[in-house]
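Structure at a glance
Residues per chain, in single letters:
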Amino acid sequence: MPDRAPQPVDRQLPTDEARDLISLVRDIAQREIAPSAAEEEDAGRFPREVFTLLSDSGLLGLPYDAEFGGGEQPYEVYLQVLEELAAARLTVGLGVSVHTLASYALAAHGTKEQQAEHLPAMLGGGLLGAYCLSEPTSGSDAASLRTKAVRENGGDWVITGTKAWITHGGIADFYTVMARTGEDGPRGITAFLVPGDAEGLSPAVPEKKMGLKGSPTAQLHLDGVRVPDTRRLGDEGQGFAIALSALDSGRLGIAACAIGVAQAALDAAVSYATERRQFGKPIADFQGLRFMLADMATQIEAGRALYLTAARLRDAGLPFAKQAAMAKLHCTDTAMRVTTDAVQILGGYGYTADFPAERYMREAKVLQIVEGTNQIQRMVIARHLAGPEER
Ligand SMILES: Cc1cc2nc3c(=O)[nH]c(=O)nc-3n(C[C@H](O)[C@H](O)[C@H](O)COP(=O)(O)OP(=O)(O)OC[C@H]3O[C@@H](n4cnc5c(N)ncnc54)[C@H](O)[C@@H]3O)c2cc1C
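As a starting point, this report considers the structure included with it. (Residues numbered from 1 in each chain as written. Predicted model: local features only at pLDDT ≥ 70, side-chain atom pairs only at ≥ 80, totals over all residues. Heavy atoms only, no water.)

1. Quick look at the overall build of the chain
On a plain count of helices and strands, the chain comes out with 11 helices and 10 strands. Computed over the C-alpha atoms, the radius of gyration of the chain is 21 Å, within 12% of the 21 Å expected from 2.2 N^0.38 for a compact globule of 391 residues. By its C-alpha atoms, the chain is 80 × 50 × 40 Å across when sized along the principal axes. Residues classed as buried in the chain amount to 53% of the 391 residues present. For the chain, the accessible surface area stands at approximately 17,000 Å², while carbon and sulfur atoms represent 52% of it. If the 38 positive side-chain charges of the chain are averaged to one point and the 50 negative ones to another, these points end up 5 Å apart. (Helix = DSSP H or I, 4+ residues; strand = E, 2+ residues; numbered from the N terminus. Rg over C-alpha atoms; globule rule 2.2 N^0.38 Å. Buried < 20%, exposed > 50% of the residue type's maximum accessible area, 1.4 Å probe, protein only. Areas by Shrake-Rupley, 256 points an atom, 1.4 Å probe, with all protein chains shown as cover. Lys, Arg positive; Asp, Glu negative; His and termini not counted. Charge placed at Lys NZ, Arg CZ, Asp CG, Glu CD.)

2. Details of the packing of helix α8 (residues 321-345) against helix α11 (residues 374-386)
Where α8 contacts α11, the axes come no closer than 9 Å and their chain directions differ by 145 degrees. For the crossing formed where α8 meets α11, the hand is left-handed. In this structure, α8 uses Ala 321, Lys 322, Ala 325, Met 326, Lys 328, Leu 329, Thr 332 and Asp 333 to contact α11, whose residues at the interface are Asn 374, Gln 377, Arg 378, Val 380, Ile 381 and His 384. The residue makeup of the contact of α8 with α11, split by class, is 6 nonpolar, 4 polar and 4 charged. (Axes fitted to C-alpha atoms, helices over the stretch in contact; angles between N-to-C directions. Left-handed = near helix turned anticlockwise from the far one by under 90°. Contact = heavy atoms within 4.5 Å. Nonpolar A, V, L, I, M, F, W, Y, C, P; charged D, E, K, R; others polar.)

3. Points about the site of the ligand
Taken together, the neighbourhood of the ligand is formed by 17 residues, with Ser 134, Ser 140, Trp 165, Thr 373 and Gln 375 sitting nearest. Between Ser 134 and the ligand, the recorded distance is 2.7 Å, taken from a side-chain N or O atom to a nitrogen atom. Between the ligand and the protein, one listed contact pairs an oxygen atom with a side-chain N or O atom of Thr 373 at 2.6 Å. Considering the ligand on its own, with 980 Å² of exposed area, one finds that the protein chains cover 65% of that surface. When atoms are counted within 2 Å of each cavity's grid points, the one that captures over half of the ligand is the largest pocket. Elements with a minimum of two residues in the shell around the ligand: β3 (157-167) and α11. Ranked by the residues each element gives to the shell around the ligand, the list is headed by β3, at 3 residues. (Near = heavy atom within 4 Å. Polar contact = N/O pair within 3.5 Å; in protein donor to acceptor, adjacent residues only side chain to side chain. 1 Å grid on protein atoms, 1.4 Å probe; cavity = no way out; pocket = protein on both sides within 12 Å on 5 of 7 lines; lining within 4 Å. Sits in = over half its atoms within 2 Å of the grid points.)

4. Comments concerning the pattern of salt bridges
The tally for this structure, following the rule as stated, stands at 25 salt bridges. Salt-bridge contacts for Asp 173 lead to Arg 48; the nearest nitrogen and oxygen are separated by 2.9 Å. Placement of the pair is Asp 173 in the loop between β3 and β4 (174-180) and Arg 48 in helix α2 (residues 48-56), with a sequence separation of 125 residues. We classify Asp 173 as partly exposed; its relative accessible area is 28%. The structure contains a network of salt bridges with shared partners spanning Arg 11, Arg 26, Glu 83, Glu 84, Glu 301 and Arg 304. (Salt bridge = Lys/Arg side-chain N within 4 Å of Asp/Glu carboxyl O.)

5. A short note on the layout of surface pockets
Empty space within the largest pocket amounts to approximately 1,500 Å³. Gly 139, Ser 140, Ala 142, Glu 371 and Gly 372 are the residues nearest the centre of the largest pocket, which is lined by 50 residues in total. Counting residues per element, the ones that place at least two in the lining of the largest pocket are α4 (90-109), β3, α6 (239-275), α10 (357-367) and α11. Here the lining of the largest pocket is built from residues that sort into 25 nonpolar, 12 polar and 13 charged. (Points joined across faces, edges and corners; volume = space filled by probe spheres on them.)

6. Digging into empty space enclosed by the protein
Using the criterion set out here, one finds 2 cavities of 30 Å³ or more in the structure. If you add up the space inside the second largest cavity, you get close to 50 Å³. Lining the second largest cavity, in full, are Tyr 64, Tyr 75, Tyr 78, Ser 97, Thr 100, Leu 101, Tyr 104, Ala 246, Ser 249, Gly 250 and Gly 253. Mapped onto the lining of the second largest cavity, the elements with two or more residues apiece are α3 (75-88), α4 and α6. The residue inventory of the lining of the second largest cavity, partitioned by class, reads 6 nonpolar, 5 polar and no charged.

7. With respect to the packing of aromatic side chains
For any pair of aromatic rings, the description rests on two quantities: the centre-to-centre distance and the angle between the ring planes. On inspection of all chains with the given rule, the structure shows 7 aromatic pairs. Ring centres of Tyr 272 and Phe 355 lie 5.7 Å apart, and the angle between their planes is 90 degrees; on these two criteria the pair is classed as edge-to-face. Remark: Phe 355 occurs in the loop between α9 (347-350) and α10 and Tyr 272 occurs in helix α6; sequence separation between them is 83 residues. The burial state of Tyr 272 is the same as that of Phe 355; both residues are buried. With 6.1 Å between their ring centres and 85 degrees between their planes, Phe 279 and Phe 286 make a pair best called edge-to-face. Members of the aromatic cluster, each reached through a chain of ring pairs, are Tyr 272, Tyr 349 and Phe 355. When the ring centre of Tyr 75 is taken as reference, the NZ or CZ atom of Arg 314 above it lies at 3.8 Å. (Phe/Tyr/Trp six-rings, centres within 6.5 Å; stacked < 30°, edge-to-face > 60°. Lys NZ or Arg CZ within 6 Å of the ring centre and 35° of its normal.)

Below is the structure:
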């Protein structure tokens, strides 16, 4: 049974320019990304040419300043772009979100000279970025990372260690790497911009994952990787704070991607339920399924409203970390529930690769894990409510 074309989402957009942008993205998503998504995910193929197209179309630096090649779009618009891309293929939506995350340290904390030298190529020159915080022994407890950067006689930094779970590991053109330059804990960490072809940098074989197979996730070994001090981003010891503030925004990207996947699953479920007949009528006529569809749609709208609230706070220069954690938690849990229900609505066919519902369900799962698991989001939210835990 063919997929029905997805229904346009009722979006609140601030300007006509934003409306045109969303329709350009929908066009690219439906023409260039969605048709090959299932096959390429199955084959584990990363669509590099799509990222080149997005870069050429000005879509890889949307939330950053125009001065260095960004699109200067508010977060509320950028996130809705991500949602459209993720609905077509999560590997692309999440890839753009990770690229934006990887560009953050330089865009927000680099010097003018560093920004002028590197940002134009990162935001619109076809380069692809990766963000390197996690390590084999430090995931949720990211401040315990062990990768070391040692400065040689006041000259270059030499970085040694292993990063884990790196999205775009092995194919990125630049890596934003958090490494230990001082004391144990969060205050001894510094951020560096490492070129993808640096000597001593080598990726492991990508992980074999449950879903999101087109997006390479790999360990990255740094064996004496040498970078000049001009590639240090922010002050020494400021790297963890930079990494966390990047994640506040990155989590909104994950929330938007989750709503994109959930919307795609709802569209597939509605399409199937209105065509499939049992007991002499479309299964969408049975109240049991109608109510499931209504609940799915309601949860999606609530998730979209929550990530947009956080984005609008951010756009207004107000604190948004609590709402970003809530949006990540709620939207990714919503994606898990909605995609699971979509499989149920498709019955036996939902469990086969002939329909996209099972892929959406596998993809939704990873969104509850990346950029801080949903347990960690609850810890962040609770800290805003009740203060830090006693040690
Ligand atoms: C596909 C994929 C892509 C990724 N991409 C990147 C990337 O580009 N860059 C990057 O740096 N990282 C990346 N990650 C890593 C990701 O951020 C981590 O997997 C995540 O932060 C969890 O860390 P962990 O896997 O080590 O789990 P752990 O931290 O070992 O956690 C295991 C379990 O314990 C729970 N837990 C841990 N501490 C607590 C606590 N205090 N209270 C309650 N529960 C707790 C967790 O929620 C989880 O359920 C990626 C991961 C995946 C799977």
